[in-house]
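Descriptive analysis of the structure
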Amino acid sequence: MSKLCLVLGDQLSLDMSSIQSIDKQKDRILMAEVKQEATYVKHHKKKIAFIFSAMRHFAQQLDANGYQVDYIKYDDAENAGSLLEQVKKACRQHDISEVTVAQPGEYRLLEDIKQWEEELNIPVKITPDNRFMAEQSFFHDWAEGRKQLRMEYFYREMRKKHNYLMESGQPTGGKWNYDNQNREKAPKNLDIPSPTVFERDDITNEVIALVKDSFSEHFGDLDDFHYAVTRKQALVVLEEFIEHRLPKFGQYQDAMIEGEPWMYHSHVSFYINTGLLSPQECMDAAEQAYASGQAPLNSVEGFIRQILGWREYVRGFYWYLMPDYKEKNYLSASRALPDLYWGAETKMNCLKQCVKETKENAYAHHIQRLMVLGNFALLAGLDPDQVNEWYLIVYADAYEWVELPNVSGMILFTDGGLLASKPYAASGAYINKMSDYCRNCEYSVKEKTGHQACPFNYLYWDFLIRHQDVLGKNPRMGMIYNTLKKMDETKVSHMQQDAEAFFEKLANNEKV
Ligand code: FAD
Ligand code: DLZ
Ligand code: SF4
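Residues numbered from 1 in each chain as written. Chains lettered and ligands numbered in written order. Predicted model: local features only at pLDDT ≥ 70, side-chain atom pairs only at ≥ 80, totals over all residues. Heavy atoms only, no water.

1. Notes on the site of ligand 1
Close to ligand 1 lie 28 residues; H265, S266, H267, N273 and Y363 are nearest. Within the side chain of Q306, a nitrogen or oxygen atom sits 3.4 Å from a nitrogen atom of ligand 1. For ligand 1, the accessible surface in isolation is 820 Å², of which the surrounding protein chains cover 99%. Mapped onto the shell around ligand 1, the elements with two or more residues apiece are α11 (269–274), α13 (297–321), α15 (366–379) and α17 (400–411). Residues of the shell around ligand 1, tallied by class, amount to 15 nonpolar, 9 polar and 4 charged. Among the domains, domain 2 (136–315) and domain 3 (339–507) are the pair contributing at least three residues each to the shell around ligand 1. (Near = heavy atom within 4 Å. Polar contact = N/O pair within 3.5 Å; in protein donor to acceptor, adjacent residues only side chain to side chain. Areas by Shrake-Rupley, 256 points an atom, 1.4 Å probe, with all protein chains shown as cover. Helix = DSSP H or I, 4+ residues; strand = E, 2+ residues; numbered from the N terminus. Nonpolar A, V, L, I, M, F, W, Y, C, P; charged D, E, K, R; others polar. Domains from an automatic or database assignment.)

2. What about helix α10 (residues 231–249)?
Here α10 is 19 residues long, yet its end C-alpha atoms lie only 23 Å apart, well below the 27 Å a rise of 1.5 Å per residue gives. In α10, a bend of some 50° at I242 exceeds every other bend along the element. The inward-facing, buried residues of α10 contact α11, α12 (279–291) and α13. (Expected span 1.5 Å × (residues − 1). Bend = angle between axes of the 7 residues up to and from the residue. Contact = heavy atoms within 4.5 Å.)

3. Things to note about the nonpolar core
One finds M31, F52, L246, Y271, Y313 and F376 to be the most contacted residues of the largest nonpolar core, which totals 160 residues. Residue contributions to this core peak at 13 residues, all from α13. Sequence-distant contacts of Y313, defined by excluding residues within four places in its chain, comprise F139, W142, L149, R150, M151, F154, L418 and L419. Counting 21 residues, the second-largest nonpolar core is a separate cluster that includes A32, L84, V101 and L120. (Core = buried A, V, L, I, M, F, W, Y, C linked by side-chain atoms within 4.5 Å. Buried < 20%, exposed > 50% of the residue type's maximum accessible area, 1.4 Å probe, protein only.)

4. Let's talk about the site of ligand 3
M348, C350, G428, I431, Y437, C438, C441, Y443, V445, C454 and F456 make up every residue found near ligand 3. Here the residues of the shell around ligand 3 sort into 10 nonpolar, 1 polar and no charged.

5. Overview of the packing of aromatic side chains
Taken as a whole, this structure holds 42 aromatic pairs when the rule is applied. With a centroid separation of 5.1 Å and an interplanar angle of 55°, the aromatic rings of F225 and Y227 are classed as tilted. On the basis of relative accessibility, which here comes to 3%, the residue F225 falls in the buried class. When the centroid spacing of 5.9 Å and the interplanar angle of 90° are considered together, the rings of W390 and Y395 count as edge-to-face. For W390, a relative accessible area of 0% corresponds to the buried category. Exposure remark for Y395: the relative accessible area of 1% places this residue in the buried category. Through a chain of ring-to-ring contacts, three or more aromatic side chains come together here, namely F219, Y341, W342, F376, W390, Y391, Y395, F456, Y458, F502 and F503. It is R315 that lies over the ring of F132; its NZ or CZ is 4.1 Å from the centre. (Phe/Tyr/Trp six-rings, centres within 6.5 Å; stacked < 30°, edge-to-face > 60°. Lys NZ or Arg CZ within 6 Å of the ring centre and 35° of its normal.)

6. Some remarks on helix α9 (residues 202–214)
Owing to its 3.6 residues per turn, the α-helix brings residues three or four apart onto one side. Taking 1.5 Å as the rise per residue, α9 with 13 residues should run 18 Å; its terminal C-alpha atoms sit 18 Å apart, in good agreement. If you check which residues of α9 are buried, you get I203, T204, V207, I208, L210 and V211. Buried residues of α9, viewed axially, fall in a sector of 160°; they line one side. The outward face of α9, more than 90 degrees from its buried face, is lined by the exposed residues D202, K212 and D213. (Arc of directions from axis to C-beta.)

7. Remarks on the sheet that holds strand β2 (residues 28–32)
Taken together, 5 strands build an open sheet; the order of strands is β3-β2-β1-β4-β5 and the sheet is parallel. At either end of the open sheet lies a strand with only one pairing partner, and these are β3 (68–72) and β5 (124–127). The average undirected angle you get between the axes of adjacent strands in this sheet is 25°. For strand β4 (residues 96–102) and β5, the ladder comprises 4 bridges, and the chain directions are parallel. Of the residues in β5, the one forming a bridge with T100 is K125. (Pairing = 2+ DSSP bridges. Axes fitted to C-alpha atoms, helices over the stretch in contact; angles between N-to-C directions.)

No statement about biological role is implied by the geometric values presented.
This is the structure we're talking about:
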């Protein structure tokens with residue numbers, strides 16, 4: 001009698017609680033590429049290629065470490081198509097008395113696995129996901145009784161608890177947050193380091209051929225696949241980030257440049273989320289760079305805030321509020337996701353560039369996701385389910401625990417202010433300030449109305465007018481509603497007409 005440990009595609013770490021709980025000599029590990037997980041949404045081709053290749057490499061690593069692994073490839077003749085069916089087969093094949101799996105990152109799969117005991121007639125043990133620094137109970141205790149769940153206060157608790165950038169109980173440099181030093185526009189002719197690139201090995205080539213064949217209908221390009229697919233490679237990505245990009249990460253964190261998808265960002269989300277890197281080692285490396293004078297505080301604090309703050313916070317937030325959170329729609333948004341999100345032609349250069357890069361790389365950096373693609377989704381009142389599905393599909397780092405709070409809470413304000421104190425809504429002026437997209441746009445960012453006007457300009461005011469009944473009560477929106485009050489009525493009515501005409505074009509699938 002032995003145990004069967006199921007390792008999911010985003011649980012690729014030898015330190016996983018489930019793997020740690022088994023006996024190498026007696027027990028078995030199961031990993032399976034299954035239709036159920038690869039198609040419950042139509043993931044970007046590069047996301048599937050990355051996950052399958054990283055899974056296959058990790059199986060080899062397990063094997064080299066003395067574990068007994070059953071690995072089911074997507075095109076194996078005996079592939080049963082779902083995790084449960086694969087587990088059933090493995091239980092029949094080996095004399096299994098218990099199944100163990102670490103808590104999955106998505107509510108739907110956790111609920112599914114909770115039913116398995118009845119199906120299998122043996123115990124199914126779900127161990128905690130020990131890759132996060134804040135246990136679910138820690139978030140729960142922090143959140144309970146609060147009306148608003150602000151990341152900033154959670155982050156301070158985490159800084160103290162885990163002793164990052166702390167000196168004698170006080171934050172290093174005297175401030176908790178250097179966000180105001182993370183907003184510079186990038187000057188021309190910046191010498192941005194290229195991203196870390198790896199040659200594809202036989203495993204990755206085989207997976208790419210498989211994805212081409214089996215997922216041809218899915219969105220996204222497969223060309224120039226250069227991601228790390230092993231822990232060893234992911235460590236090189238981290239090392240190169242710390243050396244070459246971290247020094248300017250803080251300064252240009254919010255900047256966007258046409259043709260520069262990678263900027264000074266770390267590109268480690270794919271690897272942390274699948275277990276190839278730990279959040280601690282990423283932050284330790286950054287803190288060490290500060291201690292040795294290699295990187296300034298605004299960069300290092302900014303990077304640590306994203307991981308110890310935002311990443312841990314959204315994960316706690318997700319499990320604290322699911323399943324109800326997914327149903328929220330405070331602004332009653334219902335417009336269908338326009339085809340331009342799938343690459344249909346658009347005159348709006350900022351959207352065009354961000355979608356193009358997303359299609360090419362299964363990656364866009366934070367401010368592109370938030371202030372271009374997200375801002376448009378908010379202002380246009382796009383349906384939250386469709387927007388969530390799009391984000392879950394297109395980014396190689398997307399799993400619902402991290403995608404949903406960012407999309408529903410941060411960009412769409414579906415929770416009415418639980419995550420963000422006000423909607424991240426902005427006109428074209430913000431995009432023009434933080435990027436060079438407007439230079440090559442058919443619209444004019446300076447014009448507020450008329451067919452040359454940047455749609456973000458009139459959509460912004462139209463959004464505020466449409467939601468005045470609820471947003472007008474928000475104290476953080478007071479100033480902007482005062483500006484609206486003082487605006488010339490004819491101008492306001494022109495903006496509303498322009499917005500209406502724009503929405504009509506969207507509905508008719510016309511190019512906007
Ligand atoms: P960097 O900018 O270098 O940041 C460092 C790390 O901080 C990231 O690797 C990530 O682990 C963490 N981080 C930064 N911001 C966030 C955040 N808001 N939430 C959680 N972690 C964060 N991140 C995902 O990992 N998966 C997603 O599906 C995802 N969807 C998003 C959707 C929207 C609408 C928005 C606004 C943000 C989303 N993010 C998501 C957060 C963020 O955009 C990505 O983590 C980041 O762009 C990944 O690139 P990077 O590794 O170069 O990050
Ligand atoms: C994302 C993904 C994909 C595309 N394919 C698989 C797979 O075939 N087998 C697997 O075990 N996991 C896969 N994953 C990751 C899971 O979807 C992920 O574990 C859950 O969404 C929970 O985060
Ligand atoms: Fe985007 Fe408007 Fe600038 Fe065009 S003018 S790139 S639509 S912000």
